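One letter stands for each residue in the lines below.
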Amino acid sequence: MRLPLIAPADLTEEQKPLYADMKKGISSNFNAFITVAPEGTTEEGALMGPWNPWLHEPRIGGAVWELTKAMSMEATLPDPVRQIAILVTGAHFDAAYELYAHIAVAERDGMSDVRLATLVSGSRPTDLSPEEGIGHDVAYALVNGGVLPEPVYRLAVKTFGQHGANELIYLVGLYCLVSMTLNGFNVPVPERD
């Protein structure tokens, strides 16, 4: 990890409100995986994952957090579609914490081990619903570069409506940013018990 965890007692005045807002949002929306340094450690209460780097730069991190809240707390896409798009993105960038976190969410929501293994290996599962398939295909096309192919875009709009297609594109973009944050700062995966 290239940036040390920031214990709550070490937060600057600029970091404190962002920390409080992130901790509140994390506890209600990102609770399927470890996000806070455990009790008994020197960093007890410190935010982990992408939240730690965002805290190091509150102006930038605050803006990314606002986008994260909008994309998670105001989501209209079905959660399986969202998780597939996020896992496709995380797998493309081999973002360890992103994969750890969203595998935990997908497992909590009942996604099969076979589907998870296929997604994180960079392949397309054969058992996707039509909506899940569009989520996969949009994410896969976007992370592999270039303009989203017109037939894929049209099918996303037909399937999810214009707002839903927009949300899907923004979701992939957000998780590209999350992946870059995690990889750029070499954010580790918490140890499992």
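This is a predicted model, so every value here is computed, not measured. Throughout this document, residue positions are counted from 1 along each chain, in the order its sequence is written. Local features in this predicted model are restricted to residues whose pLDDT is 70 or higher, and side-chain atom pairs enter the listing and the counts only when it is 80 or higher, whereas totals over whole chains, interfaces and linings include all residues. With hydrogens and water stripped out, all remaining heavy atoms of the structure feed into the side-chain values.

(A) Geometry of the nonpolar core. Here the nonpolar core consists of buried residues drawn from Ala, Val, Leu, Ile, Met, Phe, Trp, Tyr and Cys, with membership extended through side-chain atoms lying within 4.5 Å. Note on exposure labels: buried denotes an accessible area under 20% of the residue type's maximum, exposed denotes more than 50%, and partly exposed covers the range between, all computed with a 1.4 Å probe on protein chains only. The biggest cluster of nonpolar side chains holds 54 residues, and the ones touching the most others in it are Met22, Phe33, Trp51, Leu55, Trp65, Leu87 and Tyr97. For this core, the secondary structure elements donating two or more residues are α1 (15-29), α2 (51-56), α3 (58-73), α4 (79-93), α5 (96-108), α6 (113-120), α7 (130-143) and α8 (150-184). Per-element accounting of this core gives the leading share, 11 residues, to α8. Setting aside its immediate chain neighbours within four residues, Leu87 contacts Leu99, His102, Ile103, Ala106, Met111, Leu116, Leu119 and Val120. Strands here mean DSSP runs of E at least two residues long; helices mean DSSP runs of H or I at least four residues long; both are numbered from the N terminus. Residue contacts follow a heavy-atom distance rule, with two residues in contact if any of their heavy atoms lie within 4.5 Å.

(B) Fine view of the pattern of salt bridges. Salt bridge, as applied in this entry: a Lys or Arg side-chain nitrogen positioned within 4 Å of an Asp or Glu carboxyl oxygen. Inspection of the entire model under this criterion finds 9 salt bridges. Here Arg154 ties to Glu150 by a salt bridge, and the two come within 4.0 Å at their closest N and O atoms. With Arg154 and Glu150 both in helix α8 and 4 residues apart, this pair spans about one turn of that helix. Of the residues examined, Glu150 reaches a relative accessible area of 43% and is grouped as partly exposed. Connected via shared salt-bridge partners are Asp21, Glu66 and Lys69.

(C) Spatial organisation of α5. Between the first and last C-alpha of α5 there are 18 Å, a value that for 13 residues agrees with the 18 Å anticipated at 1.5 Å per step. Taken across its 13 residues, α5 has 10 buried, putting it largely inside the fold. Each element contacted by the buried residues of α5 is listed here: α2, α4, α6 and α8. At the C-terminal side of α5, Gly110 shows a positive phi close to 90 degrees. Each residue after the first adds 1.5 Å to the expected span of a helix.

(D) Fine view of the packing of aromatic side chains. Working definition: a ring pair exists when centres of Phe, Tyr or Trp rings (six-membered ring for Trp) sit within 6.5 Å. Plane angles under 30 degrees give stacked, over 60 give edge-to-face, the rest tilted. Applying the stated criterion to the full structure yields 7 aromatic pairs. On the numbers, 6.2 Å between centres and 75 degrees between planes, the contact of Phe33 with Tyr100 is edge-to-face. Pair noted here: Phe33 is in the loop between α1 and α2 and Tyr100 is in helix α5, with a separation of 67 residues, a long-range link. When its relative accessible area of 9% is taken as the criterion, Phe33 is described as buried. Here a set of aromatic residues connected by ring pairs shows up, and it is made of Phe30, Phe33, Trp51, Trp54, Trp65, Tyr97 and Tyr100.

(E) Broad picture of the environment of His92. Relative to the assigned elements, His92 resides in helix α4. For the pair formed by His92 and Tyr19, sequence separation is 73 residues and the distance between their alpha carbons is 29 Å. Once residues lying within four places of it in the same chain are set aside, the contact partners of His92 are Val143 and Asn144.

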